[in-house]
Structures are given as structure tokens and as C-alpha cells.
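Coordinate inspection notes
Residue-level listing of the chains:
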Amino acid sequence: MNVVATAHTLLAPEAEWSHDGAFHIIEQLSKPIHRNLEPVGPHYLAHARRKRHHRTFSEDDRIVAAQQAKNVEDADSGEISEPEDPLLLSRDPKDWKNQDHYAVLGLSKYRWKATDEQIKKAHRKKVLKHHPDKKAAAGGIDDDNFFKCIQKAMEILTDPIKRRQYDSVDEFADVEPPSRKAKGNIYKLWNPVFDSEGRFSKKKPVPRFGDDKSTKPNVEEFYNFWYNFDSWRTFEYLDEDVPDDNENRDQKRHVERKNKAARAKRKTEDTARLRKIVDDALAMDVRLQKFRKEERLQKDAKKIAREAEEKRLAEEAKKKAEEDAKRKEEEEAAAKASKADAKKAKEAAKNAAKKNKRVLRKGAEDANYFHPDGAAPPDVINNVLADVELLITKLDNEELDVVAKKLAGLKVADDVKGVLVDSIHSTIGKGSAKESDYKILLQ
Amino acid sequence: MSDTDEPQQKTVIGIAFGNSNSSIAFTGPDGKAEVIANEEGDRQIPSVLSYVGDEEYHGAQAKSHLVRNPRDTIAFFRDYLGKSFAAVDPTNAHSSAHPIQHDTGVAFSVQEKTDADPATLSVSEVTTRHIKRLSDSAADFLGKSIDGCVITVPTDFSESQRKLLAEASKGCGLTVLQIIHEPVAALLAYAAREETSHPADKTILVVDVGGTRTDAAVIAARGGMYTLLATQHDYELGGRQFDEVLVDHFSKEFMKKHKTDPRENERSLAKLRLECENTKKTLSLSNSSQISIDSLAGGLDFHSSVNRLRYDLLSKKLVDQVVGLVESVVKKAEMDLMDINEVILAGGTSHTPKLALRIQQLFPATTAVQSPATTTTSLNPAELCARGAAIQASLIAEFDAEDIEQSTHPAVTVTPHLTKSLGVVITSPAGDDGKADDKVYVFLESETAVPARRTATFTGTNVGGDVLVRIVEAKKESVDVTPAKEAKEKVNGADDDEDDDDDDDEDDEDEKVIKRVTEVERVIAEALLKDVKKGAKVEVMLNVAGDLTLTVTARVVGGQGGVRGTVPGPAL
């Protein structure tokens with residue numbers, strides 16, 4: 001809270017204080033006016049915070065102070081919270097090659113994952129704690145060994161090349177691969193192994209081992225990646241110290257050669273080691289078996305489907321053939337029946353025609369051959385019969401039937417003759433006969 | 001704490017979206033706002049877009065096309081945003097693409113592609129493109145993509161215009177965290193320089209002399225919170241008018257020599273205008289400036305120079321107008337010029353020394369006038385809005401949209417403000433008639449938003465004994481504190497004739513010194529502290545709650561007990 005110190009002097013009471021208590025109200029404040037505050041600036045935001053959460057000034061001060069204290073604590077915790085191993089504190093700085101640089105800075109749970117920012121922060125904190133001046137001031141012995149360790153660790157971890165060299169041989173970050181006989185969840189066993197090995201990959205991102213839900217392409221990609229692993233791992237860190245120039249030159253060259261050979265050897269070993277890990281993983285990978293089984297099942301399913309399809313097709317063909325045969329049979333039977341019917345009808349028609357012809361002839365005969373009276377002379381009979389015969393030949397069965405029906409019941413000679421003459425005219429009209437062909441009926 | 005737990009630091013910028021120029025700023029890790037230069041190195045980026053061939057030009061490049069290709073060059077479009085065609089004033093767009101009616105708003109028709117029909121670009125679309133270019137420049141400069149921005153607008157921007165602006169910005173993928181008022185942003189830019197976490201209560205006048213318009217605002221700053229008390233606008237007064245006096249001046253000079261008026265030819269006029277703007281800027285820095293234009297009109301070159309005195313004379317009328325605007329806004333706020341504690345000059349035209357000096361003359365010497373001509377520590381007036389916006393952006397960068405929405409909701413912003421100053425009566429120094437001294441120490445100035453709380457310590461008494469803490473509402477009164485006349489006459493000598501006397505009277509009037517002092521208006525309450533030792537400090541705290549309930553706490557520093565009393569608030 002801000003207290004303004006003024007140089008002003010307060011009043012002395014002019015008259016005797018005549019009120020009860022030490023506080024006396026005279027009037028209320030004037031009415032306020034409502035205005036719009038500009039929603040801008042840190043003080044407004046504090047005001048908005050108080051108003052939104054219905055806090056008073058003192059409450060808000062307290063809450064904000066608590067928040068800040070917590071933030072500071074949070075920032076302080078973290079990297080430095082690792083307990084320092086007394087063995088580590090008494091390390092000899094000359095033996096820096098075997099020193100765990102991450103542990104020295106208190107970053108052993110981050111290791112290769114530690115960011116530059118984290119390293120910087122951790123270093124600062126460690127320096128503040130272990131600076132020789134501080135120790136001397138605290139009355140301790142003048143021991144800057146651990147401080148030297150810290151500086152060495154910082155030197156290595158802040159130089160990208162040196163850090164890589166150290167990370168390459170940082171066996172604390174390695175995760176031991178499970179043995180082939182290991183039981184349990186293979187994903188739990190293998191994922192950390194490949195996550196840790198993946199740190200050496202030049203290619204990013206590194207595919208993960210995955211879990212039982214991984215698809216076949218994922219798993220295939222994983223193994224392809226690891227069988228073609230491109231590693232930046234180097235082994236310079238384990239080099240033997242090369243003697244100075246001014247000593248024996250041959251000796252120096254010899255050591256250098258030896259180092260180079262050792263590096264190459266280690267690299268080969270490392271590649272082989274990785275290869276073996278991937279082989280082991282492949283051998284243990286139940287997913288591959290699963291995929292194979294699935295594939296087989298799929299194949300089988302396909303086969304079964306195909307066979308079922310074939311069977312179905314065969315059955316269908318058979319059924320069709322049967323149906324065809326049946327239909328053919330029925331058709332033949334129908335044809336035969338219709339043939340018989342036709343024959344019968346033909347015969348019936350023939351009989352009817354015969355009967356009709358008889359009716360026509362009988363009609364002429366009944367009409368006394370259209371001779372007025374007495375027995376008709378033979379030549380007239382002859383001519384009339386010839387004409388009727390001619391008419392019969394000119395008429396087809398149906399017309400014959402019609403004419404026969406008209407004649408049926410007619411007794412008067414003229415009527416009969418009229419019917420016959422009509423039908424003769426109709427045949428002439430159709431052009432099947434000529435007037436001149438008829439000898440008597442048209443006279 | 002691993003990095004993954006930490007929220008990603010958001011990259012936010014402030015944008016001052018002006019009618020003539022825009023600027024962008026960001027707040028660095030040290031909390032200082034910095035204005036970003038675009039690819040061409042401009043910190044003042046002209047709000048101009050030009051279409052030539054199949055290319056889109058922006059900023060200074062586009063502005064130069066006002067000469068060659070005025071019809072396809074869009075300028076001065078900010079104020080058209082969200083207005084109907086009937087409501088806009090097209091005067092400024094005479095020498096650029098003309099506004100045309102489009103749907104319910106305003107648009108520009110420009111030849112965007114060489115082998116296509118002219119495209120009709122609505123003002124919103126133009127704004128989107130402009131903001132996109134600004135945002136891209138900022139992203140290029142910072143090397144990070146921009147997550148959000150705060151944009152400044154004039155105080156008379158309507159709600160619908162703000163909405164359109166936010167949409168236009170969203171159209172290019174830039175989220176607008178907040179839209180704030182230009183004068184308040186300018187104020188914030190200065191306020192952020194102060195180290196103290198408890199800023200003094202001030203009444204501030206912000207005069208923003210922009211390219212095409214002038215705005216003045218009286219703002220009460222109380223405990224770091226700002227309230228707009230009054231605003232005034234002049235839409236026909238701005239840098240363009242200052243350019244115009246130079247254009248007229250040089251045109252006359254050219255006519256004298258060559259008998260041709262360069263103002264009659266559109267192209268010549270555009271050339272002359274562009275150069276006059278540069279001349280004006282030079283005159284703000286040095287005492288004289290050269291102008292030289294090749295082939296101004298009729299193939300004739302023009303070379304001339306102008307000095308600052310001439311320019312001041314030419315622009316006197318415009319300066320008077322600004323002064324008039326200042327006076328009217330203070331009047332509108334129902335205040336006296338003496339009540340203004342600080343004047344902030346914003347906008348590019350505020351570089352003009354004469355303008356700043358005239359405004360400074362208007363106010364008493366105790367009033368600080370923040371402008372390059374009057375104070376050496378002033379910020380660049382053209383950058384104030386962008387800086388303020390960047391500061392605000394950094395303050396709310398980590399807020400959720402909902403948080404911002406809630407914090408800027410009228411339910412939170414509309415607050416009761418005290419109408420009277422609230423303070424404690426103090427004794428005047430002995431030996432004086434006390435006419436010219438404050439009677440009241442003011443804790444809470446009028447126009448303070450409540451709830452508010454202030455604490456101050458006083459000397460108890462000079463003699464020891466009981467101390468009376470009298471809480472009062474105060475008023476301010478002008479008191480003539482001109483030195484006594486006899487003293488003057490003694491200096492002048494005895495043998496003056498009448499004329500001289502008259503002169504003296506006039507002089508006295510000129511030198512009349514007015515002082516504003518606080519007087520008791522109404523006594524609210526009294527508290528008694530008993531037996532305070534001589535010279536002991538007394539601490540008084542006044543706390544006004546949101547419902548105007550006043551709580552007074554008075555105690556002797558280092559002593560025990562104290563007096564605490566509450567005055568219930570007035571019925572609302």
C-alpha cells in the first residue's frame with residue numbers, strides 16, 4: 001500500500017470535543033456520477049479483477065501477494081530440487097571424463113532432453129550455491145573442487161558439439177533392452193528403449209514403437225526406419241588423450257590412429273547392437289504375428305467367399321438349365337395340342353362346308369331350280385346346278401356358312417334366288433368371278 | 001519446471017490504425033514498447049494501398065503512386081469504415097481513388113489486375129489487406145507469427161465500426177484482443193515510463209493532431225485508472241491543412257516566376273503536396289527547408305526554400321484553430337485550463353514547434369506539455385498510440401478471450417465516480433494570510449472511480465495535544481496572487497506620467513498570477529486523536545467503497561489504537 005508522506009500539519013481542535021466517541025459524522029458524501037472507465041492499463045485490470053471477484057482492496061492485495069509468492073516458489077523449484085549426492089560433491093574435477101555432467105547440474109532426470117534454457121538456469125543456481133567465495137565466507141574450507149566440476153559440466157553441455165559427444169556415451173540415458181525371454185507388455189518394455197535410442201537419429205521425428213492399436217503401415221514404417229537408422233552417435237568422448245606435439249611425434253600419431261580405430265570399432269559395435277535390438281524387437285513383436293494371422297484369415301475368407309460364389313454360380317446354372325428343359329417340354333406339348341385342334345377344326349370346317357354346300361344345292365333343288373311351274377327341264381336343272389357349283393367354288397368356308405344360314409328356312413323360290421344372286425354379286429364385286437360365268441341365275 | 005508445462009509466450013502487437021498513417025509496436029521482454037519499422041524502414045507506415053499492374057503496393061511505395069496512379073491508389077479509408085456512403089466526407093479522397101456506393105457502405109473501384117474488369121473493394125476488404133500487410137511486417141521483424149493485437153481507434157468510433165474493424169482484422173487471421181481509444185493509448189505510453197506502481201492523480205489533456213483530423217480529450221487519471229471526461233473533434237483540421245498552406249505558398253511563388261498555377265494540374269498538385277509534406281517535416285526539425293521538384297508544371301523545375309518563421313506565420317490560423325479546440329474541450333469537461341496537470345501532444349503534426357509552444361503558453365508553467373518542442377524527454381508523438389496499444393497488448397496477452405470480454409464489459413467499466421474532491425483540512429503556514437494556500441489536502445480528487453483508497457501521513461501538531469482530523473469535500477478556487485502593486489511602483493520610480501501608469505496597469509494584467517487553491521466545501525466527518533506528542537506523525541487512510549461508504553482510519557504512527565469510523569453512502 002502506498003503511503004504519501006506530506007509535510008502538512010493537521011488541525012488542533014478549536015473547541016472542546018463534545019461528541020460521543022472519537023468519530024463524528026456530519027454529512028454524507030455527495031452523490032456520485034456514473035462514468036465509463038477506459039478498460040486500459042495495469043491499474044484498470046486490477047480494478048476489473050477486484051470487481052469481478054468481489055474482492056476488497058486488502059483481500060486482493062493478499063491474494064495477489066500469495067499468487068506472486070507461489071510463482072516465485074514454482075520458478076525456484078524444479079531443476080535444483082534434486083538432492084545432491086555427497087559422493088558427487090567430493091568428486092575430483094580432474095576425472096571429468098567419468099563425471100555425470102547432468103547429475104552435477106542437477107538435471108539427471110532430463111539428461112539429453114534438457115533445454116539450453118534449463119541448463120543455463122541450473123548452472124546459475126548451482127553456482128550461487130557452490131561458489132568458492134561463498135564457501136569461504138561461510139567459514140568452510142577453501143574447496144573449489146565441486147565448483148570446477150560444475151564449470152566443466154557447463155562447458156560441455158553448452159557447447160553443442162561437446163554435448164553431442166557426451167550424449168553419445170551417456171550410458172545413464174540408455175535403457176536396457178529386454179531379454180528375448182522377457183514376459184509382460186512388450187509395448188511397455190520396448191517403447192522406452194526405442195525412445196532412448198531415437199535420440200541419436202539424424203532424421204526427426206522418430207517413429208515410436210507404438211501399441212497394439214498401431215496399424216500395419218505404421219509398424220512397417222517403424223521397422224524400415226530402424227533398419228535404415230541414420231545415427232549421429234560418435235565416440236570421440238572415449239578417446240585416449242593425445243600427447244602434446246612436442247613429445248614424440250610417432251607416439252602421437254600412434255595414439256591418434258588407435259583412437260580412430262577405436263571409434264570405428266565402437267561405431268560398428270553400436271550399429272550391430274542396434275541391429276540386434278531391432279531384430280529382438282521384431283522377433284518379439286506379436287503384432288507382426290497378428291498381422292500375418294489377419295492376412296491369412298483375410299486370404300481364407302477371400303477363398304471361402306470365392307468358393308461360395310462359384311457354388312452359387314453352379315447352382316444357378318443348373319437351375320436355369322432345368323427351367324429351360326421344362327419350358328421346352330411345355331412348349332412342345334402345347335404345339336402338339338394345337339396341331340390336333342387345328343386338324344379337328346379343319347375337319348369340322350370341311351364337314352360344315354360340305355353341309356353348307358348341300359344346303360345351297362338343296363336350296364336350289366327345293367326352289368324347283370327357279371323354274372316357274374312344272375318340272376324344270378333338265379338343261380335348266382343342269383345350268384342352275386352348274387351356277388350353284390360355281391358359286392360354291394367361289395365362296396370360302398365362312399361366306400358359305402353365312403349364305404347357308406340365310407338360306408336356312410327360306411321356302412319361297414325368289415327369296416332363295418335373291419340370296420344366291422346377292423352372294424353371286426358379292427363374289428363378282430370381289431372380282432373372283434365374272435358375270436358371264438353364270439349361265440342362268442343372273443338372267 | 002519443464003518447458004512443456006509453461007504456457008507458450010504469446011506474440012502480441014499494438015497497431016495504431018490511422019487515417020493517414022499506421023504504426024505497429026511490440027513490447028519487448030524488458031516491458032518497454034518499441035515501434036517496428038516495416039521492410040522499407042518506415043515507422044510511420046502510410047495507410048495507403050495502390051494497385052499497379054498485377055502488384056499491390058503498400059505504405060510509402062503506395063503513397064508515391066498518388067502522383068502517377070491516383071485512381072488506383074486507396075488512401076484515407078479508415079474513417080469510411082462502417083459508414084454509409086451518404087455519411088462520408090470524400091474531400092480527402094479527391095486526389096486518390098474515389099469512394100463509391102457499395103451495398104450499404106463505401107467501396108473503391110480500382111484496377112486490381114491488368115487484364116480484368118476493375119475490382120470493387122469494400123472498405124472492410126481494404127482494411128483487411130492493410131492490416132495483413134502491417135501484421136506481416138511485424139511478423140517479419142519479430143520472426144514469429146503474431147497471435148493477437150490491440151488496435152487503437154478515435155473516441156468517436158461507434159460500436160458497429162469497432163465490430164467491423166475486428167472482423168476485418170480477423171479476415172486476415174489476426175485476432176483483435178481489444179480495441180482501445182487513441183488518447184488513452186497515448187496516455188498509457190507515457191504512464192508506462194513511470195517506474196512507480198502508484199501513479200499520481202492527474203488530469204490530462206491529450207491533443208491528437210493527425211493527418212486529416214484533430215481530436216482533443218480530457219482524461220482523468222486517478223490511481224492509474226483513466227476516465228474520459230470530454231472529447232472534441234475537428235474533422236477538417238490536420239496535417240493536410242498544414243501541408244496546404246505550404247502548397248499555396250509555393251504555388252504563388254511558382255506562379256510569380258512562370259505564370260502557371262501548379263494547383264490546376266492534378267499531377268502537379270499531387271507532386272507538390274507530397275514534397276510540401278516533407279518540407280513541413282523538415283521545418284519541425286530545422287529552421288529552414290529546401291524544396292525542389294523536377295518538372296512541377298509545364299515541364300518547369302521548381303526550387304525554393306522556406307524558413308520556419310514564414311511557415312509559422314502561414315500556419316498561424318491553423319494553430320489558432322487547434323488552440324480553440326483545446327479551449328473548447330476543457331470547457332466541455334467543465335474545468336479550468338489551470339486544472340489540467342499535463343498536456344500530451346500526439347499525432348505526427350504535433351512535431352510542429354509553433355503548435356506545441358502555443359499550447360504551452362495556454363497553460364501555467366507547472367503544467368507539463370509533452371511534445372518534442374517543449375520537453376526533451378518526450379516520446380515521438382506519432383508513435384504514442386502504437387506504443388500504448390503494444391503495452392496494453394502485453395498486459396492482456398495471457399488473458400482468455402472470455403476474460404477480456406468480461407473485463408471490458410460495461411458492468412465492470414461503468415463505475416461511480418466522485419463528483420467532489422475528498423480530503424482532510426490542514427493548517428496554513430503561520431504568518432501568512434493563507435489566501436493563497438491550500439486549505440485541504442486532497443486524498444481523492446473529483447472524478448475518482450470508486451472503490452478507491454488513499455493513505456497519507458501528516459505531522460500531528462506543532463505543539464502537541466489533541467489532533468482533529470476533519471474530512472471534507474473540497475472545491476478549487478482561483479486566487480489572484482499577483483505581487484502587490486506598490487512594490488512594482490517602487491521599482492518603476494515615482495515620476496511616471498499617466499500614460500506610463502496605463503501601461504503599467506496593462507502589464508499588471510498581463511502578469512496577473514492566478515493560483516488554484518483548495519477550499520472546504522462541505523464537512524463530512526471529524527475524528528479526534530487524543531494526546532498526540534509534538535511532531536508525531538499521524539497516518540490517515542480514506543477508503544471509499546463501491547457504494548460510496550467512506551471509511552476513515554486515523555492513527556498515530558508507532559502509537560497504539562487509533563480512530564476508525566464509517567460514513568454510510570448516500571442513497572443512490
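Residues numbered from 1 in each chain as written. Chains lettered and ligands numbered in written order. Predicted model: local features only at pLDDT ≥ 70, side-chain atom pairs only at ≥ 80, totals over all residues. Heavy atoms only, no water.

Quick notes on the overall build of chain A
Looking only at helices and strands, chain A has 15 helices and three strands in total. Within chain A, the proportion of its 443 residues that are buried is 32%. A total accessible area of about 29000 Å² is found for chain A, and carbon and sulfur atoms account for 53% of it. (Helix = DSSP H or I, 4+ residues; strand = E, 2+ residues; numbered from the N terminus. Buried < 20%, exposed > 50% of the residue type's maximum accessible area, 1.4 Å probe, protein only. Areas by Shrake-Rupley, 256 points an atom, 1.4 Å probe, with all protein chains shown as cover.)

Here's the deal with the packing of aromatic side chains
Residues and elements named next belong to chain A. Within this structure, the stated rule accounts for 23 aromatic pairs over all chains. Seen from their ring centres, Tyr102 and Tyr166 are 5.9 Å apart, and the 40° between their planes marks the pair as tilted. Separated by 64 residues along the polypeptide, Tyr102 in helix α4 (residues 101-105) and Tyr166 in helix α8 (residues 160-168) bring together distant segments of the chain. Take Tyr166: its relative accessible area is 3%, and that puts it in the buried class. The rings of Tyr187, Trp190, Phe194, Phe209, Phe222, Tyr223, Phe225, Trp226 and Phe229 are connected pair by pair, giving a single aromatic cluster. Its end group placed over the ring of Tyr237, Lys97 keeps NZ or CZ at 5.3 Å from the ring centre. The residue whose ring lies beneath Arg287 is Phe209, and the NZ or CZ to ring-centre distance is 4.5 Å. (Phe/Tyr/Trp six-rings, centres within 6.5 Å; stacked < 30°, edge-to-face > 60°. Lys NZ or Arg CZ within 6 Å of the ring centre and 35° of its normal.)

Remarks on the environment of Arg287(A)
All names here are of chain A. With respect to the helices and strands, the residue Arg287 is situated in helix α12 (residues 286-366). For Arg287 and Asp212, which are 75 residues apart along the polypeptide, the C-alpha to C-alpha distance reads 6.7 Å. Once residues lying within four places of it in the same chain are set aside, the contact partners of Arg287 are Tyr187, Phe209, Gly210, Asp211, Asp212, Ser214 and Val219. For Arg287, the side chain forms a polar contact with the main-chain oxygen of Phe209, separated by 2.8 Å. (Contact = heavy atoms within 4.5 Å. Polar contact = N/O pair within 3.5 Å; in protein donor to acceptor, adjacent residues only side chain to side chain.)

With respect to the side chain of Arg50(A)
All names here are of chain A. Checked against the element boundaries, Arg50 lands in helix α1 (residues 42-53). No salt bridge forms around the buried Arg50; measuring N to O, its nearest opposite-charge neighbour Asp60 is 4.1 Å away. Those residues in contact with Arg50, other than ones at most four positions away along the chain, are Arg55, Thr56, Phe57 and Asp60. (Lys, Arg positive; Asp, Glu negative; His and termini not counted. Salt bridge = Lys/Arg side-chain N within 4 Å of Asp/Glu carboxyl O.)

Examining helix α3 (residues 159-171) of chain B
Each full turn of the α-helix corresponds to 3.6 residues, which orients residues three or four apart in the same direction. Residue and element names in this part refer to chain B. For α3, which comprises 13 residues, the first-to-last C-alpha distance of 18 Å matches the rise-based estimate of 18 Å (1.5 Å per residue) to within 8%. Buried residues of α3: Gln161, Arg162, Leu165, Ala168 and Ser169, and no others. One face of α3 carries all of its buried residues, which in axial projection span an arc of 125°. Structural note: α3 exposes Glu159, Lys163, Lys170 and Gly171 on the side pointing more than 90 degrees away from its buried face. Where the residues of α3 are buried, they touch β1 (12-17), α2 (123-142), β11 (148-153) and β12 (176-181). With its phi angle positive at about 85°, Gly173 sits one or two positions after the end of α3. (Expected span 1.5 Å × (residues − 1). Arc of directions from axis to C-beta.)

Concerning the interface of chain B and chain A
Taken together, the contact pairs 87 residues of chain B with 55 residues of chain A. When chain B packs against chain A, the two sides together hide about 6600 Å² of surface, and 60% of this comes from carbon and sulfur. If you look at where chain B meets chain A, you find four salt bridges. Asp61(A) serves as the salt-bridge partner of Arg453(B), at 3.0 Å between the closest nitrogen and oxygen. In this assembly, chain B and chain A are joined by 34 residue pairs in polar contact (both at pLDDT 80 or more). Broken down by class, the residue content of the side of chain B that touches chain A amounts to 47 nonpolar, 27 polar and 13 charged. For strand β2 (residues 23-25) of chain A and strand β25 (residues 514-532) of chain B, the ladder comprises three bridges, and the chain directions are antiparallel. (Buried area = accessible area lost by both parts, 1.4 Å probe. Nonpolar A, V, L, I, M, F, W, Y, C, P; charged D, E, K, R; others polar. Pairing = 2+ DSSP bridges.)

Quick look at helix α13 (residues 378-394) of chain A
The terminal C-alpha atoms of α13(A), which comprises 17 residues, lie 24 Å apart, in line with the 24 Å expected from a rise of 1.5 Å per residue. Buried-residue contacts for α13(A) involve α12, α14 (397-407) and α15 (413-430) of chain A.

Notes on the sheet that holds strand β9 (residues 105-110) of chain B
Pairing between sheet strands relies on hydrogen bonds along the backbone, with the strands arranged either parallel or antiparallel. All names here are of chain B. Strand order in the open sheet formed by three strands is β8-β9-β10, and the pairing between neighbours is antiparallel. Unpaired on one side and paired on the other, β8 (99-102) and β10 (119-122) mark the two borders of the sheet. Adjacent strand axes in the sheet meet at a mean angle of 45° when their direction is disregarded. Here four bridges tie β9 to β10, and the two strands are oriented antiparallel to one another. The residue bridging Ala107 from the neighbouring strand is Ser122, located in β10. Contacts between α2 and the sheet are confined to β9 and β10, with β10 contributing the most and set at about 80° to the helix. (Axes fitted to C-alpha atoms, helices over the stretch in contact; angles between N-to-C directions.)

Looking at the pairing of strand β15 (residues 225-234) of chain B
It is a general feature of regular strands that their side chains alternate between the two faces of the sheet. Burial of β15(B) is extensive: eight of the 10 residues sit out of reach of the surface. Where strand β3 (residues 33-38) of chain A lies against β15(B), two bridges are found, and the strand directions are antiparallel. Its bridge partner lying in β15(B), Glu38(A) is registered against Tyr226(B). Pairing geometry for strand β14 (residues 214-222) of chain B and β15(B), over nine bridges, is antiparallel. If you follow Ala217(B) over to β15(B), its bridge partner there is Thr231(B). Counted between consecutive antiparallel strands, the loop separating β14(B) from β15(B) contains two residues, among which Gly223(B) sits at a positive phi close to 60°.

Keep in mind these numbers describe shape, not what the thing actually does.
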